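In case you want the letters, here they are:
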Amino acid sequence: MSFSDLGLSADVLRAVTEQGYETPTPIQAQAIPAVLRGKDLMAGAQTGTGKTAAFTLPLLDRLASTAQGGQRRVRALILAPTRELAAQVQDSVRVYGAHLQLRSLAVFGGVGIQPQITALRRGVDILVATPGRLQDHLDRGSVDLSKVEILVLDEADRMLDMGFLPAIERILRSVPARRQTLLFSATFAGPIRQLAGRFLSEPEVIEVARANATTESVSQSVYLVDHARKRELLSYLIGARNWRQVLVFTRTKRGADRLAASLEKDGLTAASIHGDKSQGARTRALKDFKRQSVRVLVATDVAARGLDIDRLPHVVNYELPDTPEDYVHRIGRTGRGGERGEAMSLVCADESGQFRAIQSLIKIPLPVSTVEGFEPAAPFDPNRAVGKPPIRRGAGSGKSAASSRRRPAPQASHPRGDRGRPQGAGKPGSRARQRRA
Ligand code: AMP
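Residues numbered from 1 in each chain as written. Predicted model: local features only at pLDDT ≥ 70, side-chain atom pairs only at ≥ 80, totals over all residues. Heavy atoms only, no water.

The criterion, for reference: UniProt positions are given in the numbering used here, feature names are shortened, and annotations may be inferred rather than shown by experiment.
Looking at an unreviewed UniProt entry, one finds the chain named DEAD-box ATP-dependent RNA helicase RhpA and attributed to Acidihalobacter aeolianus. What the UniProt record of the chain gives under Catalytic activity (unreviewed entry) is the line "ATP + H2O = ADP + phosphate + H(+)". Looking at the chain in UniProt, the text filed under Sequence similarities (unreviewed entry) is "Belongs to the DEAD box helicase family."

Written as structure tokens, this is what we have:
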């Protein structure tokens, strides 16, 4: 199967070739012909499966083939849960639509609304939006959705998790009843099926990778370690294994900030990304990480959702998530586009419950081991439920004599000489993201 078998126009195929894609992914092979036929779609697919191109390519094709003269009106609306995902989807729209005369815009919160209003007034064909900010625009009358022909709900499960249902309902009342609707979701749980039942019409159902199937291209491992020594172990692993780019997950925003600050003290370039950071700070951190001037990006689940970083080789679960599905989402950040990835979890005795929940979801046994010099003081088996042992925190200054002794020799590869973070590189978020699609 090749892209040219799917019925896409020459201009879209050219952009695909320029991206170096040779074969459609399974979701693309199934979704693209269905969307081109005008069908509604209910697609079960996570990030990493090629889902963005699966809806963007045929969407662009349909809009371009029925080009409208006169004033530009929003003809395609793509809803995404987070600012980062919205920005990334618009990037894809721009890349795949490089040879088409369509204009796109992304609107999301955390940045000034006025430039978005101005851009909307100038006219766009494809609008990518987070539900909250789009609702703001509807309330202000700064957007007209009455000419929408195609509506995409991307990562619909996450939008519901984030409490966007009322905003989505409001938006759906503002688009024409006669339209094509494409719903993408990692799960088909009850609320998603209800949403689909209300807003899709005889959808074609496509499911490529179940939410509980972890990607085969990701090797997973677990290191048991005491809570108090996780940071030390993480710094050691990054240095000793010479990881150049690693995404680290923490459970809380404060935890992310604290960890990034500690890693900086260890001589690693690190940044954190979470919901309390300004849009500018988040965009800058992501940009620095992508171009590898920041080596460690520490993120919370919500902030990391949908991040698309090409060839991200390492993901570390510094803390296990409370929801086992989040484990699957986290490790899905690596091992994409045919590349191999490595996902590592640092697990302390307190996290045995979360560990077992993940095990029963993914249904494959995770290899558990320890790193020499970082073995837990009281050995434990995370597969067995036992009474919670107390979290070992060194009295007074923290590190015990024993733990200092166990620490392996510092690695010569510790990155003291890494380039500093470039300052003032661009001003992301200071203006609306309007571009030729
Ligand atoms: P997504 O699931 O949309 O987040 O896409 C995951 C990654 O796969 C992105 O980096 C895309 O650029 C890449 N990708 C999408 N489609 C293909 C394809 N057919 N061949 C190779 N890479 C692809």
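We are not done yet, so read on.
**Details of the pattern of salt bridges**
Quick note on the threshold: Any carboxyl oxygen of Asp or Glu within 4 Å of a side-chain nitrogen of Lys or Arg constitutes a salt bridge here. To qualify as a helix, a DSSP run of H or I must reach at least 4 residues; to qualify as a strand, a run of E must reach at least 2; elements of each kind are numbered from the N terminus. For every residue, the accessible area (1.4 Å probe, protein chains only) is compared with the maximum for its type, and the residue is labelled buried under 20%, exposed over 50%, or partly exposed between those bounds.
The tally for this structure, following the rule as stated, stands at 22 salt bridges. Across the pair Arg282 and Glu84 runs a salt bridge, and its minimum N-O distance is 2.8 Å. Linking Arg282 in helix H12 (residues 279-290) with Glu84 in helix H4 (residues 83-96), this pair joins segments that are 198 residues apart in sequence. Since its relative accessible area comes to 5%, Arg282 is described here as buried. Residue class for Glu84 comes out buried when judged on its relative accessible area of 4%. Through salt bridges with shared partners, one network takes in Lys51, Asp154 and Glu155.

**A look at the site of the ligand**
Short version of the rule: When we say a residue is near a molecule or strand, we mean one of its heavy atoms is within 4 Å of it. Here a polar contact means two N or O atoms within 3.5 Å. Within protein one must be a hydrogen donor candidate and the other an acceptor candidate, and residues neighboring in sequence count only if both atoms are side-chain atoms. Note on areas: these come from Shrake-Rupley sampling with a 1.4 Å probe, and a residue is covered only by the protein chains present in the view. Any residue outside Ala, Val, Leu, Ile, Met, Phe, Trp, Tyr, Cys, Pro, Asp, Glu, Lys and Arg is labelled polar, Gly included; the first ten of those are nonpolar and the last four are charged. An automatic or database domain assignment provides the domain bounds reported here.
The environment of the ligand is formed by 15 residues, the closest being Tyr21, Gln28, Gly48, Gly50 and Thr52. Tyr21 places a polar side-chain atom, nitrogen or oxygen, 2.5 Å from an oxygen atom of the ligand. At 2.6 Å from an oxygen atom of the ligand is found a side-chain nitrogen or oxygen belonging to Thr52. Considered on its own, the ligand offers 500 Å² of accessible surface; in the complex 84% of this is hidden by protein. Its residues assigned to classes, the shell around the ligand shows three nonpolar, eight polar and four charged. Of the domains in this structure, domain 1 (3-207) and domain 2 (218-386) are the two that each give at least three residues to the shell around the ligand.

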